[in-house]
Amino acid sequence: MTVVLVTGGAGYIGAHACRQLARAGHRPVVFDNLATGWRAAVRFGPLIEGDLLDPQALDRAFAVEPVDVVMHFAARSLVGESMENPELYWRNNAGGSLNLLEAMRRAGVGRIVFSSTAATYGEPEMDLIPETAPTAPTNTYGATKAAVERMIGDFARAYGLRATMFRYFNVAGAAPRAEIGEQHRPETHLVPLVIETALGQRQAITVFGRDYPTPDGTCIRDYVHVEDLAAAHLLGLERLMQTDSGPGEAEVFNLGIGYGYSVAEVIDRVGAVTGEAVSVVQGSRRPGDPARLICDPRRARTVLGWRPANDLDAMIRDAAAWHRCGGFPE
C-alpha cells in the first residue's frame, strides 16, 4: 500500500484523486487548511489540518506515518482574484510549494505529482497546445504555477526529486452517484454556474465577452471530466513508483481531450442535457482570459496510457446530479 500525502485533498480535484487512490488500494492522507476545501469531502483517508505556510505543520504531517509520495493540489486558483491580489497568490502558491518541497527533503520523500494548469501557456499561437509550447502566462495564477513547475524542475536536477506535473485544461463533472462533486465559495467555474442557473439555483449566467476571435465570439476551452483527471494521477503515481533510484526527473503532461467548446456551446449543452432553460446576461471581458485553450493530449496517452472516457454531456450529467443532491453541508 502506497501512502500518499495529498495537499488540498479536501478540495474538488484533490478529493476525487483521494477517492480513486483509496479504490486502488492506496492510503491517501489529506493535508488541508480547509480555507477553500470541505471537511465532508475527506471520506477516503485521514485528515491532517495544516497550512503550507507553516513549516512545522508540514514536518508534523510527514512524521505521522511514512509517506511514499506527495500529490500537491493545494493552491489558490481564481484568475480574477489573482489579478486583483497577486501577493496572496505568490505567497500561497509559490511560497507554500517551496515550504512543501523543503519539508519533503527533510522527510526524505523524493516523489511528487503536481497539479499545474494550462494557464501557464498564456495566449497560445497554435490550435493544439503541446507540452513544448512556450509558457507565457497572462495572469498571476498561471504565473505562480509556472514558477512552481520551475521550482520542481530545479529540485529534480539538484536533489534527485522525481516529479510528474499535470497541466490541466478545464475540469468539470463529479463522481458517480453524486458521491462527491464540485463546490466552491464563491463558484466561478462555467459548468457548475450554468447548471445552477438551469436548476433555478441562480438567476442567470454571465457571459464575459462576446468579441473574442472565435466563431461565436465567446472563449473556447478544452473540458476534461474530473474522474478522468483523477485516473491520470494514478497513472502518474504508478510511473513515479516504478523507479526507486537514479537521477531526478520532472515530466510534464497535458490533461485535456484535444478539442474545445465555446462558452455559448457549453450553455446550450447544459440546457439540452438538463432539459431546462438557461438565462444569460452579457458581461465585459475579464482580464487575463485567453480566447482559446485546447490541448494536444497525445503525450499523456502515449507515455501514461491515459484514455479519457467521458465527453461534455457526461460531465454535465454527473455535475447536475451532484447539484441536485445539494452538495456538501455548509
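Remember, it's a predicted structure, so these values are computed and weren't measured experimentally.

### Points about the environment of A63
- Inspection of the secondary structure puts A63 in helix α2 (residues 55–64).
- Residue class for A63 comes out exposed when judged on its relative accessible area of 61%.
- Taking C-alpha positions, A63 is 30 Å from F328, a pair spaced 265 residues apart along the chain.

### Describing the nonpolar core
- Counting 40 residues, the largest nonpolar core has I13, M71, F166, Y168, V171 and L255 as the members making the most contacts within it.
- In this structure, V171 is in contact with Y12, I13, E182, V224, V226 and L229, ignoring residues within four places of it in sequence.
- Counting residues in hydrophobic clusters, the runner-up holds 29 residues, among them I48, V67, A103 and F114.

### Description of helix α8 (residues 263–274)
- Across its twelve residues, α8 extends 17 Å between first and last C-alpha, which sits within 8% of the 16 Å expected from 1.5 Å per residue.
- Looking only at α8, the buried set comprises V263, A264, V266, I267, V270, G271 and T274. One side of α8 carries all its buried residues, which in axial view fall inside an arc of 165°.
- The elements touched by buried residues of α8 are α6 (190–198), β8 (205–208), β10 (223–225), β12 (261–262), β13 (280–283) and α10 (312–325).
- Where α8 terminates, the next one or two residues include G275, which has phi positive at roughly 75°.

### What about the packing of aromatic side chains?
- In the structure shown here, the tally under the stated rule is six aromatic pairs.
- Aromatic side chains F166 and F253 sit 6.0 Å apart centroid to centroid with 40° between the ring planes, which places their arrangement in the tilted category. Of this pair, F166 sits in strand β6 (residues 162–168) while F253 is found in strand β11 (residues 249–255), placing the two residues 87 residues apart along the sequence.
- The exposure class of F166 is buried, given its relative accessible area of 0%.

### As for the sheet that holds strand β1 (residues 3–7)
- Taken together, seven strands build an open sheet; the order of strands is β3-β2-β1-β4-β5-β6-β11 and the sheet is parallel. The strands lining the two open edges of the sheet, one partner per strand, are β3 (47–49) and β11. Neighbour-to-neighbour, the strand axes of this sheet turn through a mean angle of 20°, independent of strand direction.
- Bridge count for strand β2 (residues 27–32) against β3 is three bridges, and the pairing is parallel. Bridge pairing in β3 places D32 opposite E49.
- Across the sheet, helix α5 (residues 140–159) lies against β5 (111–117), β6 and β11, angled at about 155° from β5, the strand it touches most.
- Sitting on the sheet, helix α7 (residues 226–241) is in contact with β1, β4 (69–72), β5, β6 and β11, with an inclination near 160° to β6.

### Concerning the sheet that holds β12
- Reading across from one edge, β12-β9-β14 is the order of the three strands in this open sheet, with mixed pairing throughout. Whereas interior strands pair on both sides, the edge strands pair on one side only; in this sheet they are β12 and β14 (292–293).
- Pairing of strand β9 (residues 220–221) with β14, which is carried by two bridges, proceeds in the parallel orientation. Residue pairing for β14: R221 is matched across the bridge by L293.

### As for the environment of L235
- As for its placement among the helices and strands, L235 is situated in helix α7.
- For the pair L235 and A300, spaced 65 residues apart in sequence, the C-alpha separation works out to 9.4 Å.
- Contacts of L235, omitting those with residues within four sequence positions, involve L304, G305 and W306.

Thresholds, definitions, all that
- Residues numbered from 1 in each chain as written.
- Predicted model: local features only at pLDDT ≥ 70, side-chain atom pairs only at ≥ 80, totals over all residues.
- Heavy atoms only, no water.
- Helix = DSSP H or I, 4+ residues; strand = E, 2+ residues; numbered from the N terminus.
- Buried < 20%, exposed > 50% of the residue type's maximum accessible area, 1.4 Å probe, protein only.
- Core = buried A, V, L, I, M, F, W, Y, C linked by side-chain atoms within 4.5 Å.
- Contact = heavy atoms within 4.5 Å.
- Expected span 1.5 Å × (residues − 1).
- Arc of directions from axis to C-beta.
- Phe/Tyr/Trp six-rings, centres within 6.5 Å; stacked < 30°, edge-to-face > 60°.
- Pairing = 2+ DSSP bridges.
- Axes fitted to C-alpha atoms, helices over the stretch in contact; angles between N-to-C directions.

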